[in-house]
Structure formats: structure tokens, C-alpha cells
Amino acid sequence: MKKILHMLVLTMTLSVYLPVLAQTSDSTIGCVQATFTKTLQKIQTGDSQIRKLQEFLKQFPDIYPEGQVTGSFGPLTESAVKRFQKNNNLTPDGVVGPKTRTKLNELMASNSNTPLCTINKTLPLTSTIKKSTVTGTTGATGATGLTGATGATGPAGMSIGGRTGKTGAIGAIGLTGLTGATGNTGAIGSVGATGLTGGTGATGSTGSTGAIGQTGVAGTAGATGSTGNVGATGNVGLTGPAGAIGPIGLTGLPGIISSAQYVQLGAQPAPIAAGEAFTYTDAILETPSIIATTTAAPGGTIFTLQNVGRYEITYQMVYPTDGGVVLYLGTTTSNMLPLPYTMIGKTAAGTMSVSGNIIIETNTPNSVLSLNAAAGNSVAIEIPPNSSTTNQSATTISIKQISS
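First, a word on scope: everything that follows refers to the structure included in this document.

Rules used in this analysis
- Residues numbered from 1 in each chain as written.
- Predicted model: local features only at pLDDT ≥ 70, side-chain atom pairs only at ≥ 80, totals over all residues.
- Heavy atoms only, no water.
- Core = buried A, V, L, I, M, F, W, Y, C linked by side-chain atoms within 4.5 Å.
- Buried < 20%, exposed > 50% of the residue type's maximum accessible area, 1.4 Å probe, protein only.
- Helix = DSSP H or I, 4+ residues; strand = E, 2+ residues; numbered from the N terminus.
- Contact = heavy atoms within 4.5 Å.
- Pairing = 2+ DSSP bridges.
- Axes fitted to C-alpha atoms, helices over the stretch in contact; angles between N-to-C directions.
- Parallel < 35°, antiparallel > 145°, perpendicular 65-115°, else oblique.
- Left-handed = near helix turned anticlockwise from the far one by under 90°.
- Nonpolar A, V, L, I, M, F, W, Y, C, P; charged D, E, K, R; others polar.
- Salt bridge = Lys/Arg side-chain N within 4 Å of Asp/Glu carboxyl O.
- Phe/Tyr/Trp six-rings, centres within 6.5 Å; stacked < 30°, edge-to-face > 60°.
- Polar contact = N/O pair within 3.5 Å; in protein donor to acceptor, adjacent residues only side chain to side chain.
- Expected span 1.5 Å × (residues − 1).
- Arc of directions from axis to C-beta.

A separate point is the nonpolar core. Side chains of nonpolar character tend, in soluble globular proteins, to be buried together. Core analysis: the largest hydrophobic core is formed by 28 residues, its most contacted members being Phe278, Ile313, Tyr315, Val325, Leu327, Ile360 and Ile399. For this core, the elements supplying multiple residues, two or more each, are strand E3 (258-265), strand E6 (300-305), strand E7 (309-318), strand E8 (325-330), strand E10 (353-362), strand E11 (367-373) and strand E12 (394-403). Residue contributions to this core peak at four residues, all from E7. Apart from the residues lying within four places of it in its own chain, the contact partners of Ile360 are Leu305, Gly309, Arg310, Tyr311, Ile313, Leu327, Leu329, Leu339, Tyr341 and Leu369. Within the second largest apolar cluster, 20 residues are counted, among which are Phe56, Ile63, Tyr64 and Phe73.

Take a look at the structure:
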């Protein structure tokens, strides 16, 4: 009994001081392999760990509302990582580095009910147990201690009363009768012959076309009558009084405040996956208040609109693949969102041209804008290359500020 109590006390002590034992003991610690083992950042693609990252983040709509699992680390994934870092007191740089990986692996293990580390070796009874004075991260829950042995059952008391008679022997079970044989299956009857198809009746002959009737003789033209004399010109009438001055017309709309135009001649640097921005490398018209910044694919071109006001956006491109395009707008690149009313898809079947003319309004200085492939596209948009010097394939966009 003392040995059992000693084991129970040891088990309770180990449960209370498990974080200390994990640090001071030389016991072997077995850890589940981490899901994220390398740095993940924008422009990476085709990595299974990126798909794992997107599958995990899409469980939280406030962090990753788009919930796309593409295997490509684009602007939407970068924005989701920044929100995750802010929520967990990490530097919101959008890069899955060592600290961010550690936090992700902890949450992945917690969500799957599998601790990151478990104790695989029982500590000796003589191990020194000390309580740490520094508050650290809570350790994993230790394994449940062994159940003590059950004590021996005491001898049964004396039975009062007459003895129970012996139980009679169970009679023998009779033999199972034989199973009768299965009867033979009858033969399948023959299939009857298909009846003959009746012949098609002959087509009657077409009747002959009747002759066209003769055209009648034209009648003789009558003589032209003589022209009458021109009458004398009458006197010029008096000039009437001047009419009243009409009301003043409406004032016309103000002219364009500023404008810019950009183009990408030929094919895009890479296919434009869902949610990614188009690239414009050449400036046709520029203005200091509209700035274009282009990063390597799949980054695309971001336009900064320094002034507050209304802008007219006109864009066009040609592509044979399915899918639509939509404008993204935000106060920063990390919170850019699609404007649903700007969604435009391909025109009627047989054409490849897509064009749009949209009015938007900004409420804060230095708002950012981009033209993206729609998030719901099933395939990437591919702009075809130039077929000759006289048949350019171009992606263009013009931005005009029409009011402030």
C-alpha cells in the first residue's frame, strides 16, 4: 500500500512540474515533425508548403477572406500573412520567417490535437525536482502515470444455510442435418430474329416551271408644259424689335485635372493567375500625381493616386483564355480589395477583346490601384505575343482625374 501511495505522489508531482522536468532532465524528447520548415515569401510558386499555408489561413475569414489554395505566394497570400503576424504580435512583413514558422507550427499542432513534443522516457524516482522561478511557455501535458496494482481480495465469509446441490450436466447438442443440393439453373431461351425494315417509297418528280410572261410596251411621254414668268420681288419688311435675352446656359463640367497612360506591348511577363495584377512597362503619358510602380512577376504594376477625387479608368487587352478582369483599390497595398462593379469579362463568343471604362472615387491621398485577373477565374489569363510588327498585341490603361 505504501508503494502505491508513493507512485501516486510521484505522478502528481510530475504533472505539476512537467515544464521544469522538460528542461532539467536528460530524458529523451520526441517531437512531431514541423509542417513549415523553410522561408516562404512573395513570388514563390509551386511549393506544397505554400498550399499548406493557404489551407491553414483560409480557416480564418478575418485573416484570409479570399481563401484561395493555389500553391502560389501572391499579393492575397502576403496580405493574409501580414494580418496573421499582426494578430500574433509578430513583425507584419508578409514573410514566413523563423518566428512566423514557429507560431504556425504551434497552431497547426494545436488544431490537430497533436502536441509538438511528448516525454518518451520515465524519469528515475531519485531525480531532483525544482520549481523554475522564470515563467516560460507552458509545456506539453505529460503522459498519464501507471495505475497502481489492485489489492488482494479478502477471504469470503462463511455461508449460512444449506449447501447448494450440484448442477446437472448439460445434455449433448444434436448433429446438424445435411444441407440439400442446389438445383440446376435452366437454359436461357434463344433470342428471336429482328424483323425486316420496310422499303422507302419513291419521291415524286418535280413539276416544270412555267414560262415568264412578256413585258408590255412603254407608253409615250407627254410634252413638258411651259414655265411661267417670275413675279416681281416685294419690298423688304421692317425689322422687328429685338427679342428678350434668353437665360444663361449651364456651366460646363471642369476639364481633366491630370492624366496618364501606360502600356505593355506584346505578351505579359507571365500568365496572370487569379487575383494577380497586370504589368505595364512603358509610360506613354506621365504626371507627377499618378505614379506607376512595377515589381517582378507575379507582382504586377501598382498605381499610386496622390490626389483625392474622381478618376476615369479606361483599359483594354486581348486574350483567348476564359476569365474576367477587375480593378483593385485600397489605402495601402496590403488592404487592396476588388471593386465588384468594375468586373468585366470577355465580349461575345468569337472575339477576344476586353475593354472597360469605369469611374472610381478616392477618399484618402496616395490611394493605390491595380487591374487584376478576377479572383474567381479557373485558369490564368495569357496575353498572346506579337504576331508581326504591324499587328501588335498590347495591354493598355489610361487614368484621368476628372474632379477633386
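A few words on the sheet that holds E7. The strand order across the open sheet built from five strands is E4-E3-E12-E7-E10, with neighbouring strands paired in antiparallel fashion. Two strands in the sheet have a free side with no partner beyond their single neighbour: strand E4 (282-285) and E10. Averaged over all neighbouring strand pairs, the angle between strand axes comes to 20 degrees, with direction disregarded. As paired strands, E7 and E10 are joined by 10 bridges and run antiparallel to one another. Within the sheet, the bridge partner assigned to Thr314 lies in E10 and is Asn357.

This part takes up the environment of Asn87. Of note, Asn87 is situated in helix H4 (residues 75-87). C-alpha separation for the pair Asn87 and Ile63, spaced 24 residues apart in sequence, amounts to 8.9 Å. Not counting residues within four places of it along the chain, the set of residues in contact with Asn87 comprises Asp62 and Ile63.

What follows covers the packing of helix H3 (residues 48-57) against H4. Closest axis-to-axis distance for the H3/H4 pair is 11 Å, and the angle between their directions is 60 degrees. In terms of axis orientation, H3 runs oblique to H4. When you trace H3 past H4, the crossing you get is left-handed. Within the contact between the two elements, H3 uses Leu53, Gln54, Phe56 and Leu57 and H4 uses Thr77, Ala80, Val81 and Phe84. For the contact of H3 with H4, a count of residues per class yields six nonpolar, two polar and no charged.

The next thing to look at is the pattern of salt bridges. In total, this model carries four salt bridges according to the counting rule given. Close ionic contact of Lys38 with Asp47 constitutes a salt bridge, the shortest N to O distance being 2.6 Å. For Lys38, a relative accessible area of 37% puts it in the partly exposed group.

So, about unusual backbone geometry. Even without a glycine there, the phi angle at Ile43 is positive, about 80 degrees. Along the chain, Ile43 turns up in the loop between strand E1 (29-31) and H3. You will see that Asn366, though not glycine, has its phi angle at about 60 degrees, which is positive. Its relative accessible area of 40% is what places Asn366 among the partly exposed residues.

A full pass over the atoms with the stated rule returns three aromatic pairs. Each ring, one from Phe56 and one from Phe60, has its centre 5.4 Å from the other, and the planes form 70 degrees; the classification is edge-to-face. Owing to a relative accessible area of 29%, Phe60 belongs among the partly exposed residues under this scheme. Taking 5.9 Å as the distance between ring centres and 50 degrees as the angle between the ring planes, the aromatic pair formed by Tyr280 and Phe303 counts as tilted. One end of the pair, Tyr280, is in the loop between E3 and E4; the other, Phe303, is in strand E6, with 23 residues separating them in the sequence.

On to the pairing of E7, then. Of the strand pairs in this sheet, E7 and E12 are connected by seven bridges, and their pairing is antiparallel. Within the sheet, the bridge partner assigned to Arg310 lies in E12 and is Ser403.

This part is about the sheet that holds E6. The antiparallel open sheet is built from five strands, whose spatial order is E5-E6-E11-E8-E9. Each having just a single partner strand, strand E5 (290-295) and strand E9 (337-338) make up the two edges of the open sheet. Of the pairings in the sheet, the one linking E8 to E9 comprises two bridges and is antiparallel in character. Its bridge partner being in E9, Tyr328 is matched across the sheet by Pro338.

Time to look at the side chain of Gln264. Looking at the element boundaries, Gln264 is found in strand E3. On the basis of relative accessibility, which here comes to 7%, the residue Gln264 falls in the buried class. Here the side chain of Gln264 touches Ala267 through a polar contact of 3.3 Å, landing on its backbone oxygen. Polar contacts involving the side chain of Gln264 include one to the side chain of Thr281, which spans 2.9 Å.

A separate point is H4. Every α-helix winds through 3.6 residues per turn, so residues three or four apart in the chain are directed the same way. An ideal rise of 1.5 Å per residue puts 18 Å on 13 residues; H4 measures up with 19 Å between its terminal C-alpha atoms. Within H4, the full set of buried residues consists of Leu76, Thr77, Glu78, Ser79, Ala80, Val81, Lys82, Phe84 and Gln85. Close packing links the buried residues of H4 with H3, helix H5 (98-111) and E8.

Relative to the helices and strands, Gly345 is located in the loop between E9 and E10. Residues Gly345 and Val326, 19 residues apart in the sequence, show an inter-C-alpha distance of 8.8 Å. Beyond its immediate chain neighbours, meaning those up to four positions away, Gly345 contacts Gly323, Gly324 and Val354.

With that settled, the discussion passes to H3. Taken residue by residue, H3 has Gln49, Ile50, Leu53, Gln54, Phe56 and Leu57 as its buried positions. All buried residues of H3 lie within an arc of 160 degrees about the axis, which places them on one face of the element. Residues of H3 that are buried in the fold lie against H4 and H5. Two to three positions downstream of the cap, the backbone nitrogen of Gln49 sits 2.7 Å from a side-chain oxygen, assigning the N-cap of H3 to Asp47.

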